[in-house]
Amino acid sequence: MAAAQSRRGTGLFWTRLSRCRTPGPAQTRTGAGPHRCLSSVSAPPPPGTWSSELSRLSHRDLYRLSVTNPDQFWGSAAADRLRWVEPFKRVRDCDLSSGKISWFLGGKLNVSVNCLDVHVEKHPDRAALIWERDEPGTEVKVTYRELLETTCRLANTLKSHGIQKGDRVAVYMPVSPLAVAAMLACARIGAVHTVVFAGFSSEALAGRIQDAQCKVVLTCNEAVRGGRVVPLKSTVDAAVRSCPTVQHVFVSQRTENPTEMGPLDVPLEEAMSSQSPVCPAEPLDSEDLLFLLYTSGSTGKPKGVVHTQAGYLLYTSLTHQYVFDHRDGDVFGCVADVGWITGHSYVVYGPLSNGATTVLFESTPVYPNPGRYWETVERLRISQFYGAPTALRLLLKYDDSWVKKFDRSSLRTLGSVGEPINHEAWHWFHSVVGEGRCPLVDTWWQTETGGICIAPRPAEEDAPIVPAMAMRPFFGIQPVLMGEKGEPLSGGSVTGALCISQPWPGMARSIYGDHQRFIDAYFKPYPGCYFTGDGAYRSEDGYYQITGRMDDVINVSGHRLGTAEIEDALDEHPAVPETAVVGFPHDIKGEVPFAFVVLKEESGLDRAAVLKQLRELVTTKIAKYAVPEHFLVVKRLPKTRSGKIMRRILRSVAMEKSGDLGDTSTLDDSSVVKEIIEAHEQYRKQRAEEEKKKQQ
Ligand code: WTA
């Protein structure tokens, strides 16, 4: 039996498992599988038991086990690492071709208990959060006990305002202890949170609230970032006007500025102060919804990616510990916003489930100066620093003294996420920031994958890291590269569509309200596999490197955007019959939107005014970061005979590769291309002149 072999091969990892593997009625009932011994794990092992057992094992053996016997690997991990109210009866029931994914069936647990109560029992006064506020030196520490109490007060506040299990709750807040407490309060009572990045416009917020049919919204009066105050409440006010499902808006006072309160509004701190700091945790099914997080796809409408309880928590917990080599007593510094999946998995759920001290970074990489990150590392004694390549590309332009003047000896692991990291940024991060002594992990994953899927660690201690490569699949992840005809590619030195052939506990379960879209987007393109939307290269050594998106999704400063979303916003302008947006390289942001715009042939149309209105449209419909950097007015767009816009050609023109347009035989009218190249040539000259003037 594979299990017996693995046990031999992996030694201590299985001690607990074998200890409780005494034959009993449950064994006869359910057959082979680690869930048999769950009754004996209702009292969980001390923290780190799993890890200390694992740390003595070869990662290669563990990986092999995770893919050859996932039931045993994940079943044991879930039993040992999570506290269950009721043991699960079956490890998984998945069928990727029909998009059916269930893990730890029959089990009941509460995520907030696993993130808070279990740690309060052992170390109530350990800092759970360090809120690194915008002004340096004003950080606030929140202990596990305090975070549990705040979460309970907030949960009771939600309950007393009619929120029940299954209700959706929108969180439109900056990174702050209350945002974390809001997420955990939902988890405590079984409500489903949907955090919306507080940089999104009121229309983008309204669209998400409407799709999720949220009953309440939690927000702040204002956000503070980079020394500037950003109004949030007024954005929420504008959004909820078109959201009839919203019954209450809870408003926290981040600043002292007064806020105008309307009939729906409830002052959050005041409401919480009269609530009990104790709130019983709802026992939830492993597959009950934990949260929705809206993200961009290749069509215009953002999709509400659904994550559930046990599988997501287990996956974030395991990846957080192993990819970053997190150890007890570390200060984990992930500088992402809670509005993105990185904030969910590696600011909140992963670290808190491991009893870590996690940093909430409210500021920007350059406030008040380009030394901010490293000054924070010195002051908070950060052990792991996890950030985005876009910020690194910005910072490496400044003098290295901004890094070197701060003590970075506390750093042990560096991490990068969200977009491909270029060699220059990788080497700067590794040598200048990490002084060449900290492993730098380029982590590839997605909102849909829940947690890190490909990263250089874990690996054998001495395994070298190849710069700018995500390298290795995490436990349980089986990457496959597919060729143009949908055939799996074998061997090394191959490039193809990146798919994952086996389910893993952290993967998304659905798209909220549209399971068919979930199946169509992820499981139809390569039947039986999860399709990531990314391309990848596999080296002769079997390591993976991500080559970028294969669909119409672009990545602006590490933020995912569908070009169709931007087109939809632009197309609302009455003078604009048609647009096409493509991604265009940018040396700091990675990519920026480049818009090709067709204008109505009207006499007296003021082009400059229209372009200004188009910029405003994108800002109000989506967010500032989505505004195209380039607008090129053209007479027509290149289309196939069936009327499909050929974005590939537009990409080549924008990149000044018009000598290399590829196959143009399907073009309906090839003269369009010549027109566009000419228009682009003029645009380029005009930009160059403007640049020159700016420099003078
Ligand atoms: C891209 C962010 C290259 C990729 C966690 C993916 C990356 C999309 C990397 C998901 C990386 C993320 N190297 N590309 N290390 N990490 N991406 O959902 O295109 O916001 O599909 O999740 O970002 O973006 P999302």
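Data block above holds the structure.
Residues numbered from 1 in each chain as written. Predicted model: local features only at pLDDT ≥ 70, side-chain atom pairs only at ≥ 80, totals over all residues. Heavy atoms only, no water.

Trainee: Help me out: how do you make sense of the overall build of the protein chain in this one?
Mentor: When helices and strands are tallied, the protein chain shows 23 helices and 31 strands. Its C-alpha atoms give the protein chain a radius of gyration of 26 Å, within 12% of the compact-globule value 26 Å for 696 residues. Structurally, the protein chain occupies a C-alpha span of about 85 × 65 × 55 Å along its principal axes. The buried share of the protein chain, reckoned over its 696 residues, is 59%. Considering only intrachain contacts with a sequence separation of at least 6, the fraction spanning at least 24 residues in the protein chain is 71%. Only carbon and sulfur atoms are counted for the fraction: they give 50% of the accessible area of the protein chain, which is about 27,500 Å². Each charge class in the protein chain was averaged separately, 79 positive and 81 negative side chains, and the resulting centres sit 4 Å apart. (Helix = DSSP H or I, 4+ residues; strand = E, 2+ residues; numbered from the N terminus. Rg over C-alpha atoms; globule rule 2.2 N^0.38 Å. Buried < 20%, exposed > 50% of the residue type's maximum accessible area, 1.4 Å probe, protein only. Contact = heavy atoms within 4.5 Å. Areas by Shrake-Rupley, 256 points an atom, 1.4 Å probe, with all protein chains shown as cover. Lys, Arg positive; Asp, Glu negative; His and termini not counted. Charge placed at Lys NZ, Arg CZ, Asp CG, Glu CD.)

Trainee: Explanation requested: the site of the ligand in the structure shown.
Mentor: Of all residues adjacent to the ligand, which total 17 residues, the nearest are Thr443, Thr447, Asp534, Arg549 and Arg560. Contact distances for the ligand include 3.2 Å between a nitrogen atom and a backbone N or O atom of Gly418. Of all elements in the fold, only α14 (341-353), β21 (440-443) and β26 (544-549) reach the threshold of two or more residues within the shell around the ligand. Considered class by class, the residues forming the shell around the ligand number six nonpolar, six polar and five charged. (Near = heavy atom within 4 Å. Polar contact = N/O pair within 3.5 Å; in protein donor to acceptor, adjacent residues only side chain to side chain. Nonpolar A, V, L, I, M, F, W, Y, C, P; charged D, E, K, R; others polar.)

Trainee: Sorry if this is basic, but what is going on with the sheet that holds β26 here?
Mentor: Either a parallel or an antiparallel arrangement is found when strands of a sheet pair, and the pairing is made through backbone hydrogen bonds. Overall, antiparallel pairing links the four strands, which are arranged β22-β23-β25-β26 in an open sheet. For this open sheet the edge positions go to β22 (479-482) and β26, each flanked by a neighbour on one side alone. The average undirected angle you get between the axes of adjacent strands in this sheet is 45°. Across six bridges, the pairing between strand β23 (residues 494-500) and strand β25 (residues 530-538) is antiparallel. From the neighbouring strand, Cys499 faces β25, where its bridge partner is Phe531. (Pairing = 2+ DSSP bridges. Axes fitted to C-alpha atoms, helices over the stretch in contact; angles between N-to-C directions.)

Trainee: Would you take a moment to explain the side chain of Glu362 for this structure?
Mentor: The topology assignment puts Glu362 in the loop between β18 (357-361) and α15 (372-380). Its relative accessible area of 4% is what places Glu362 among the buried residues. Of note is the side chain of Glu362, whose polar atom sits 2.9 Å from the backbone nitrogen of Asp134. Excluding its chain neighbours within four sequence positions, the residues that come into contact with Glu362 are Trp131, Glu132, Arg133, Asp134, Val175, Val224, Arg225 and Arg254.

Trainee: Where do I start with the sheet that holds strand β13 (residues 265-267) in this structure?
Mentor: A sheet is described by the order of its strands in space; here eight strands give the open sequence β13-β12-β9-β7-β8-β15-β16-β24, paired in mixed fashion. Each edge of the open sheet is held by one strand with a lone partner, namely β13 and β24 (510-511). Bridging between strand β15 (residues 289-295) and strand β16 (residues 303-308) involves six bridges; their strand directions are antiparallel. The residue bridging Leu292 from the neighbouring strand is Val306, located in β16. Of the strands in this sheet, β7 (168-172), β8 (192-195), β9 (216-220), β12 (248-252) and β15 touch helix α9 (residues 177-189), which is tilted by about 150° from β8.

Trainee: It is not clear to me how the pairing of β8 should be interpreted in this structure. Could you clarify?
Mentor: Successive residues of a regular strand alternate their side chains across the two faces of the sheet. Burial along β8 is two-sided: Val192 and Thr194 facing one way and His193 and Val195 facing the other are all buried. In this region the chain leaves β7, passes through α9 and returns to the parallel neighbour β8; the handedness of that crossover is right-handed. In the sheet, β8 pairs with β15 via two bridges, with the strands oriented parallel. What sits directly across from His193, in β15, is Phe291. (Right-handed = clockwise from strand over helix to strand, strands pointing away.)

Trainee: Would you take a moment to explain the side chain of His119 for this structure?
Mentor: Relative to the assigned elements, His119 resides in helix α7 (residues 111-122). Residue classification places His119 among the buried residues on the basis of a relative accessible area of 5%.

Trainee: Sorry if this is basic, but what is going on with α15 here?
Mentor: Taken together, the buried positions of α15 are Arg372, Tyr373, Trp374, Thr376, Val377 and Leu380. Downstream of α15 by a residue or two, Arg381 has a phi angle that is positive, lying close to 55°.

Trainee: What am I meant to see in unusual backbone geometry here?
Mentor: Glycine aside, residues mostly have negative phi, and peptide bonds are mostly found in the trans state. Tyr367 connects to Pro368 through a cis peptide bond whose omega is -5°. As for its placement among the helices and strands, Pro368 is situated in the loop between β18 and α15. In this structure, the amide linkage connecting Arg457 to the following residue, Pro458, adopts the cis form with an omega of 5°. Backbone geometry places Asp325, a non-glycine residue, at a positive phi of 55°. Residue position: Asp325 is located in the loop between α13 (310-323) and β17 (331-334). A relative accessible area of 32% means that Asp325 is categorised as partly exposed. Phi at Met471 takes a positive value of approximately 70°, unusual for a residue other than glycine.

Trainee: I keep staring at the packing of aromatic side chains and nothing clicks. Help me out?
Mentor: Using the criterion set out here, one finds 40 aromatic pairs in the structure. Taken together, a centroid distance of 6.3 Å and an interplanar angle of 75° make the contact between Trp340 and Tyr625 edge-to-face. Of this pair, Trp340 sits in the loop between β17 and α14 while Tyr625 sits in the loop between α21 (607-621) and β31 (630-634); the two residues are 285 residues apart in sequence, bridging distant segments of the chain. The same class applies to Trp340 and to Tyr625, which are both buried. Measuring from ring centre to ring centre gives 5.6 Å for Trp504 and Tyr530, while their planes differ by 80°; the resulting arrangement is edge-to-face. Within this pair, whereas Trp504 is found in the loop between β23 and β24, its partner Tyr530 is found in strand β25, the two being separated by 26 residues in sequence. (Phe/Tyr/Trp six-rings, centres within 6.5 Å; stacked < 30°, edge-to-face > 60°.)

Trainee: Any chance you could explain the packing of α7 against α9 here in plain terms?
Mentor: Axis angle and axis distance: for two packed helices, these are the angle between their axes and the distance between the axes, and together they describe the pair. Across the interface, α7 lies against α9 with an axial gap of 7 Å and an inter-helix angle of 120°. Considering their axes alone, α7 and α9 lie oblique with respect to each other. Note on element contacts: α9 touches α7 through Leu184, Ala187 and Arg188, opposite Val111, Ser112, Val113, Cys115, Leu116 and Asp117. Here the residues of the contact of α7 with α9 sort into six nonpolar, one polar and two charged. (Parallel < 35°, antiparallel > 145°, perpendicular 65-115°, else oblique.)

Trainee: Help me out: how do you make sense of α9 in this one?
Mentor: Because the α-helix completes a turn every 3.6 residues, residues three or four places apart line up on one side. Taking 1.5 Å as the rise per residue, α9 with 13 residues should run 18 Å; its terminal C-alpha atoms sit 18 Å apart, in good agreement. Among the 13 residues of α9, 13 are classified as buried, and the element is accordingly described as predominantly covered. Taken from the residues just after α9, Gly190 is the one with a positive phi, measuring 85°. (Expected span 1.5 Å × (residues − 1).)

Trainee: Whenever I open this one, the pattern of salt bridges confuses me. Can you help?
Mentor: Opposite charge on two side chains permits pairing when their charged atoms draw close. Taken as a whole and assessed by the stated rule, the structure comprises 45 salt bridges. Notably, a salt bridge pairs Asp211 with Lys301, separated by 3.0 Å at the nearest N-O pair. Taken together, the residues Asp211 in helix α10 (residues 202-212) and Lys301 in the loop between β15 and β16 connect sequence positions 90 residues apart. (Salt bridge = Lys/Arg side-chain N within 4 Å of Asp/Glu carboxyl O.)

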